[in-house]
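# Descriptive structure summary
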Amino acid sequence: MLEETLHSFEAGRRGKPDELDAVTAHLIGTHLLEIDPLARFDLRVSGGYSPTQDNIVISVSGEVSKHLLETPNILQDIGTIVNTYYRDTVKHTSDEIAVDFTKLKPQAEVLASNHNAGDSGNPIAVAYRYGPTFLPWERFLACDVRDLLDYTYAREGQILPQRMVERSGIASLGGLLSDGKVIVDALYQGAKLESIESITVHVQHEETLPVDELREKLNKLILAYIDNLQDALSSFNANTRDVEKLGKPTIKINGLDDWNEGGWRVDEGSREAKPYRDFFGNYGVMDDSPWGEDPSKPSGTGTIIARYIAVQIVAKNLADFARVSLRYNIGQEDVGLNVTTNGTGRVSQSKIHAWVR
């Protein structure tokens, strides 16, 4: 008999310090690549509050190709990117923001000029036949509920999807703030979903929104979201074996009661701590953080390749589940490969490996 396994995924809201750090590093890296598509960099962003200066201080450190640091106005441009993203994400903020570049330095020439196999890593990604877009349910649900919160917050709580309004009876949810996270626990038997065990939500909110009202409204919205999702998948998606398994999970909201202060003012994050969005920190898999690295590094690019391979294996009906692990070694052009299917493979592992290569 197959064992039951509990899988969890945590999706950070855009105002969560780890998420602010990670996305800011990504945006800076994007700007550097627009200047030079062959740019080399490994960036770190760390924001926090300075009580002595009474402002938010965002430190940008790491290594960047020397010629990029010599680009006219590059630091001013990066400062604008940092400020703009923060103010767009943490709405209505009156925070003064200082950007510190004292720890940003030129990358060693031997690394900056290397266009060969110059890094090592073990990126991993998964694909699951019965989840939307072949994503495991815990990841899809955590990110979708997180996006629902951010969607509502960005629109001052007044514009919720119409079908959500009709089903939940909740027309608005004002008083949300930008920090928070969503955690979904899903129980599988082998590669098959047994149930969504729980959805845990932590939401920063204004004092004008009582926590009991937040819990009541958000609970109704999440249940309405699940009902809408079940309807949509049943109508439009052939891979719906798991739809009935979504059920009515336990929903836990702000278990520590009121949460009015958040973000960089009370917490510091790390670009490398929790790479939330678009990557695959579930099923016990993750390389290091992909944020703020140039595309020559295997963490980000390799994870995207691994995910593409996993989706192709499932889409081609070779298996119902695929976990693809790649291995990059410094100075070696050959990429190591391991694919496992949780016993769902319709051909042998060796044939899948040959097909992938």
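Residues numbered from 1 in each chain as written. Predicted model: local features only at pLDDT ≥ 70, side-chain atom pairs only at ≥ 80, totals over all residues. Heavy atoms only, no water.

## As for the environment of Thr89
Position of Thr89 relative to the elements: it lies in helix H3 (residues 74-89). Judged by its relative accessible area of 10%, Thr89 falls in the buried class. Between the C-alpha atoms of Thr89 and Arg13, which are 76 residues apart in sequence, the distance is 9.8 Å. Non-local contacts of Thr89, meaning those with residues more than four positions away in its chain, are made with Arg14, Gly15, Leu20, Tyr153 and Ser178. From its side chain, Thr89 meets the backbone oxygen of Tyr85 in a polar contact 2.8 Å long. (Helix = DSSP H or I, 4+ residues; strand = E, 2+ residues; numbered from the N terminus. Buried < 20%, exposed > 50% of the residue type's maximum accessible area, 1.4 Å probe, protein only. Contact = heavy atoms within 4.5 Å. Polar contact = N/O pair within 3.5 Å; in protein donor to acceptor, adjacent residues only side chain to side chain.)

## Concerning the confidence of the model for the chain
For the chain, per-residue confidence averages 87 on the pLDDT scale, and 89% of positions sit at 70 or higher. Note on residues 273-277: pLDDT is under 50 here. Beyond four places in sequence and across chains, it has 21 contacts. (pLDDT = per-residue confidence, 0-100.)

## Considering the pairing of strand S8 (residues 192-205)
Of all 14 residues that make up S8, 10 are buried, and the element is covered over most of its length. In this sheet, S8 lies alongside strand S7 (residues 176-189) in antiparallel orientation, the contact comprising 11 bridges. Considered in S8, the bridge of Tyr188 is made with Leu193. Turn length for the S7-S8 hairpin, with the two strands adjacent in sequence and antiparallel, is two residues, and the turn residue Gly190 shows positive phi of about 65°. Here four bridges tie S8 to strand S9 (residues 250-253), and the two strands are oriented parallel to one another. Looking across to S9, one finds that Ser198 is bridged to Thr250. (Pairing = 2+ DSSP bridges.)

## Things to note about the packing of helix H8 (residues 298-315) against helix H9 (residues 349-356)
When two helices pack together, you describe them by how their axes are tilted relative to each other and by the distance separating the axes. Contact pair H8 / H9: the axes reach a minimum separation of 11 Å and the direction vectors enclose 120°. Considering their axes alone, H8 and H9 lie oblique with respect to each other. Like other packed secondary-structure pairs, H8 and H9 cross with a definite hand, here right-handed. Of the residues in H9, those in contact with Ile309, Gln312 and Ile313 of H8 are Ile352, Trp355 and Val356. Taken together, the residues of the contact of H8 with H9 break down into five nonpolar, one polar and no charged. (Axes fitted to C-alpha atoms, helices over the stretch in contact; angles between N-to-C directions. Parallel < 35°, antiparallel > 145°, perpendicular 65-115°, else oblique. Left-handed = near helix turned anticlockwise from the far one by under 90°. Nonpolar A, V, L, I, M, F, W, Y, C, P; charged D, E, K, R; others polar.)

## So, the sheet that holds strand S1 (residues 4-12)
Sheet architecture is open: four strands sit in the order S1-S7-S8-S9, paired in mixed fashion. Looking at the sheet topology across the chains shown, the edges are occupied by S1 and S9. Between one strand axis and the next, the sheet turns by 15° as a mean value, whatever way the strands run. Of the strand pairs in this sheet, S1 and S7 are connected by nine bridges, and their pairing is antiparallel. In the sheet register, Glu4 faces S7, and the bridge partner there is Gln189.

## Notes on the sheet that holds strand S6 (residues 124-128)
Hydrogen bonds between backbone atoms are what pair the strands of a sheet, whose relative direction is either parallel or antiparallel. In spatial order, the strands read S6-S10-S11; together these three strands make up an open sheet with antiparallel pairing. Edge positions in the sheet fall to S6 and strand S11 (336-340), since each of these pairs with one other strand and no more. Strand-to-strand twist in this sheet, taken as the mean axis angle between neighbours without regard to direction, amounts to 15°. Two elements, S6 and strand S10 (residues 321-327), share five bridges in a ladder whose sense is antiparallel. What sits directly across from Ile124, in S10, is Ser325. The sheet contacts of H8 involve S6, S10 and S11, and relative to S6 the element is tilted by about 25°.

## Things to note about the pairing of S10
With five of seven residues buried, S10 lies mostly within the body of the structure. Two strands pair when backbone bridges link them, and S10 and S11 are joined in this way by five bridges, in the antiparallel orientation. When the bridges of S11 are listed, Arg327 appears paired with Gly336.

## Points about the pattern of salt bridges
Inspection of every chain in the model, using the stated rule, returns 20 salt bridges. Lys181 is the salt-bridge partner of Glu10, the closest N and O atoms lying 3.8 Å from each other. Placement of the pair is Glu10 in strand S1 and Lys181 in strand S7, with a sequence separation of 171 residues. Two residues, Arg167 and Asp231, come together in a salt bridge whose shortest N-O distance is 2.6 Å. On the criterion of sequence distance, the pair formed by Arg167 in helix H6 (residues 162-168) and Asp231 in helix H7 (residues 211-236) is long-range, its members being 64 residues apart. Judged by its relative accessible area of 32%, Asp231 falls in the partly exposed class. Sharing partners across several salt bridges, the network here consists of Arg13, Arg14, Arg146, Asp147 and Asp150. (Salt bridge = Lys/Arg side-chain N within 4 Å of Asp/Glu carboxyl O.)

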